[in-house]
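Structure assessment
Letter by letter, the chains look like this.
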Amino acid sequence: MTLNLSEQELIRTKKKEQLEALGIHPYPAATFATNTSAKDILTKYPTDPTRYQQVVLAGRLMSRRIMGSAAFVELQDASGRIQLYIHRDTLCPDQDKTFYNTVFKKLIDMGDIVGVHGHVFRTKMGTISIHVSQLILLTKALKPLPVVKEVVEQGTVKTYDAFTDPEQRYRQRYVDLIVNPHVREIFVKRAQLIRSIRQYLGVQGYLEVETPILQPIYGGAAARPFKTHHNALNTPLYLRIANELYLKRLIVGGYEGVYEFAKDFRNEGMSRFHNPEFTMLEAYVAYKDYLWMMDQVEILLEKVALDLHSTTEVCVGQHTINFQRPWKRFTLFEVIQHFTGIDVRGMDEAALRDVAHKLGTTVAASAGKGKIIDELFGSHCEPKLIQPTFITDYPIEMSPLAKRHRADPSLAERFEVICNGKEICNAFSELNDPLDQRQRFEEQLELGKRGDEEAMALDEDFLRALRYGMPPTVGVGIGIDRLSMIMTNAASIQEVIFFPQMRPEKQV
RNA sequence: GAUUCCGUAGCUCAGUUGGCAGAGCAUCUCCCUUUUAAGGAGAGGGUCCUGGGUUCGAGCCCCAGCGGGGUCACCA
């Protein structure tokens, strides 16, 4: 089949055939064993110039400057880029110069993957380079890469022709990763972040677990689900919107600390803060409460910042965010009063509606007390909370899985962490009274009947588990994508997810 | 979902009032001494997102659609 190949692709396909005709396999099978990396050479060679007399490394050719019988090319491996010096008579010590003149100069292109043998030296210009004695084609690239050029001028890096189109970057992330080193770095940071959290929880002795993604009843959060169907069981199944109810079942089962880095799925709008599938850390610890968990979250996120940046301060857009403990703590009512000057404590629905109206906040007619308070917080307080801040003690109606506040039954023992104007963490003392929990579920069913599409379903098996007794427990959820955005200074969730959801590309 | 901006060569982007579709890099041919956004000479490369319409004539104006970005709404 002949696709609409560009001129450059046709030329490369022809070059691949010419290589084969010369007996050079464009896609060899054998292991290519390297003994170093670009970064390793660049960092260690200056202090030990006698090392690296016999290096072997592999990577992608990212630039070529050919001058007659000598050439400079840049090789990029997973660690970075290093310059190669390729001289005709070193590469072809005999009479036959075909390999240099034809194979290297004409048939190998930018973007091809090669292995090299050689020794490290400094050029006249002082650049650490590899004088190549042997070059092996490892993979022929049939499509040309975007050519991004960088030059250092008076200490600052200027980039020319950067590959920046968001659609192409996300649809062809592999190209983005090849030509934009800072993008590779974001995902390295994300992996470090997860490792840092996992290490902390592991040291505490908690058990990392896996729970069902396909669930017969979706629960643990307020959201619309993705629905699917199991053929053999002939039953509907839902992709989980949260794993909360399963982790609590494990606490009932006797584990005293469990956690899961969970992919959750929510069938809702997309924005630079929302992807239909996203990663959430949930952790549950028995015999502890939400006050204890606040300290834990502070310690944990301070550690994450230190592990990633060696400082508690992180630059995010215009702001410098400092994760150093202790963080500010407000109750929800306090923070609303702080930013609006109005004390909404004890107000009934009509009074709250009146306040919302005066402050110019639009509230849906169906919204109850809790929802109105949440709206007031969301529009007047949340965007102003840049430094990590605890907000505690939410209205009970908004928290159907949380334990009633020990001092005020209209509130839940719940806190969120707001950072850079967005929620990154949600936690509460877990409701373990099975009768109260049943009643809360039933209130949710009522909301569902009134048309709230996000009201929670009643999970009889979960209630049965609670009737066997769940110890007092605290649970926490941390949005890993949003935390990654903060920790990597990313403006969009698409920058911290390798393959963000997009409309399917139309086929040609 | 609403609104707004964008879509031109492999990449980054110009394109005037509606008048022969352009530049740099990349590609191809030739020259070339340790170069670095290498340089010099020449050449090729286009469904101007798609489909209609207006017009003697549309990349440009109008309508509809597709894709993407921003903002808002919904939503953690």
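Source: prediction; values computed, not measured. (Residues numbered from 1 in each chain as written. Chains lettered and ligands numbered in written order. Predicted model: local features only at pLDDT ≥ 70, side-chain atom pairs only at ≥ 80, totals over all residues. Heavy atoms only, no water.)

Further remarks concern the pattern of salt bridges. Summed over all chains, the structure comprises 39 salt bridges. For the salt bridge of E298 with R325, the shortest nitrogen-to-oxygen distance reads 3.4 Å. With E298 in helix α9 (residues 290-309) and R325 in the loop between β15 (319-322) and β16 (328-331), this pair connects stretches of sequence that are 27 residues apart. Its salt-bridge partner being R404, residue D436 comes within 3.5 Å of it at the nearest N-O pair. Of this pair, D436 sits in helix α13 (residues 434-449) while R404 sits in the loop between β17 (389-395) and β18 (411-419), and the two are 32 residues apart along the sequence. Taking the relative accessible area as the measure of exposure, D436 reaches 13% and is therefore buried. A single network of salt bridges, built from pairs that share partners, joins R12, K15, D109, D112 and K140. (Salt bridge = Lys/Arg side-chain N within 4 Å of Asp/Glu carboxyl O. Helix = DSSP H or I, 4+ residues; strand = E, 2+ residues; numbered from the N terminus. Buried < 20%, exposed > 50% of the residue type's maximum accessible area, 1.4 Å probe, protein only.)

For the rest of this paragraph, the subject is the state of the cysteines. Scanning the model with the defined rule gives zero disulfides in all. With no disulfide of its own, C315 lies closest to C419 among cysteine sulfurs, the gap being 13 Å. (Disulfide = S-S within 2.5 Å.)

Paired through their backbone hydrogen bonds, the strands of a sheet run either parallel or antiparallel. Spatially, eight strands are ordered β8-β12-β13-β20-β19-β18-β17-β16 in an open sheet, and the strand pairing comes out mixed. Looking at strand neighbours, the two that pair on one side only are β8 (207-208) and β16, the edges of this open sheet. By the bridge criterion, nine bridges tie strand β12 (residues 257-265) to strand β13 (residues 277-286) in an arrangement that is antiparallel. Directly across from A262, in β13, lies its bridge partner M280. Against the sheet, helix α8 (residues 244-252) contacts β12, β13, β19 (422-429) and β20 (473-479), and its axis sits at roughly 25° relative to β13. This element, helix α10 (residues 332-340), spans β16, β17 and β18 of the sheet and lies at about 95° to β16. (Pairing = 2+ DSSP bridges. Contact = heavy atoms within 4.5 Å. Axes fitted to C-alpha atoms, helices over the stretch in contact; angles between N-to-C directions.)

A separate point is the nonpolar core. Counting 40 residues, the largest nonpolar core has L193, I197, V297, F323, F415 and M487 as the members making the most contacts within it. Here this core gets nine residues from one element, more than from any other, and that element is α9. The next biggest cluster of nonpolar side chains, apart from the first, holds 30 residues, and it includes A38, L61, V73 and L91. (Core = buried A, V, L, I, M, F, W, Y, C linked by side-chain atoms within 4.5 Å.)

Assigned domains within chain A: domain 1 (7-145) and domain 2 (183-327 + 387-495). The C-alpha-based centres of domain 1 and domain 2 are spaced at 49 Å. (Domains from an automatic or database assignment.)

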